Amino acid sequence: MTTTHGRVIPGFALLALLALIPSPASAAISLVQDVFVQSPAGTDETTRTATFGANVTAGHALIATISGSNGATLNSVTGGGVTWIQAVTVQLTGGSHRLWIYYGTNSSGGSKTVTIEGSAARWALEVGEWSGLDNSAPLVGTSANFSTTASLNPDSGSVTIPSPSALIVGIE
């Protein structure tokens, strides 16, 4: 069972996984701040903006997990002082629900907002600001999967992680 935008979709599991490595100069990867927003119940929209409580710090990384209904198409992710890179996407057969994970490193700082723009859909957006990630080449692997049967043990697939202190981000 998957919950998306306040609705339960029985019998389906959508999963995506992202693995990032720490900066060689950093002591540890740490979550600085996080924000979650979603479309109001029953409302389709073409944009959704998440606003952090404080400006993003220069040099930090941002990771966004995004879900869209109604066969959503995501056209852009902007803001936060980063260049956004799509790491992984997964779509339910038939196109009714999609999940994305985007990331951007080495923020220029100063910005508090991240905006997604796409087709009319019910959107959910969560963005985290992270310190300690490798800004030159943080991504070490991705995996995505979906199942048309309900499971208490859904499986996104595997990612080989070269560092025991890697950050693993998942979305269901």
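Predicted, not measured: the structure shown is a model, and the values here were computed from it. (Residues numbered from 1 in each chain as written. Predicted model: local features only at pLDDT ≥ 70, side-chain atom pairs only at ≥ 80, totals over all residues. Heavy atoms only, no water.)

**Let's talk about the nonpolar core**
Ranked by size, the top nonpolar core spans 21 residues in total, and within it Ile66, Trp84 and Val127 carry the most contacts. Listing elements by their share of this core, those giving two or more residues are strand 4 (30-38), strand 6 (61-68), strand 7 (74-79), strand 9 (98-104), strand 10 (113-121) and strand 11 (123-131). Membership of the second largest hydrophobic core comes to nine residues, among which are Ile29, Ala87, Val88 and Trp130. (Core = buried A, V, L, I, M, F, W, Y, C linked by side-chain atoms within 4.5 Å. Buried < 20%, exposed > 50% of the residue type's maximum accessible area, 1.4 Å probe, protein only. Helix = DSSP H or I, 4+ residues; strand = E, 2+ residues; numbered from the N terminus.)

**Here we look at the sheet that holds strand 6**
Strands sit in the order 4-11-6-9-8 across an open sheet of five strands; the sheet is antiparallel. Both outer strands of the open sheet, strand 4 and strand 8 (85-91), are each paired with one neighbouring strand and no more. Direction aside, the axes of adjacent strands within the sheet are offset by 10° on average. Relative to strand 11, strand 4 is paired through eight bridges, and the arrangement is antiparallel. Along strand 11, the bridge assignment pairs Ser30 with Ser131. (Pairing = 2+ DSSP bridges. Axes fitted to C-alpha atoms, helices over the stretch in contact; angles between N-to-C directions.)

**Digging into the side chain of His60**
You can see His60 is positioned in the loop between strand 5 (45-51) and strand 6. You can call His60 buried: its relative accessible area is 15%. In this view, His60 contacts Val32, Val82, Thr105, Asn106, Ser107, Glu129, Trp130 and Ser131; residues no more than four positions away in its chain are not counted. (Contact = heavy atoms within 4.5 Å.)

**Considerations on the environment of Ala120**
Its location among the elements puts Ala120 in strand 10. Looking at Ala120, the relative accessible area reads 43%, which means it is partly exposed. Residues Ala120 and Asp44 lie 76 residues apart in sequence; the distance between their C-alpha atoms is 5.2 Å. When near neighbours in sequence (up to four residues on either side) are disregarded, Ala120 contacts Asp44, Glu45, Thr46 and Asn70.

**Thoughts on the pattern of salt bridges**
Two side chains with opposite charge may pair up if their charged atoms get near one another. In this structure the tally under the stated criterion is two salt bridges. Among the ionic pairs, Asp44 bridges to Arg122, the shortest N-O distance being 3.3 Å. Taken together, the residues Asp44 in the loop between strand 4 and strand 5 and Arg122 in the loop between strand 10 and strand 11 connect sequence positions 78 residues apart. Looking at Asp44, the relative accessible area reads 39%, which means it is partly exposed. Arg48 serves as the salt-bridge partner of Glu45, at 2.7 Å between the closest nitrogen and oxygen. The two residues Glu45 and Arg48 agree in class, both being buried. (Salt bridge = Lys/Arg side-chain N within 4 Å of Asp/Glu carboxyl O.)

Any link to function would need more than the numbers given here.
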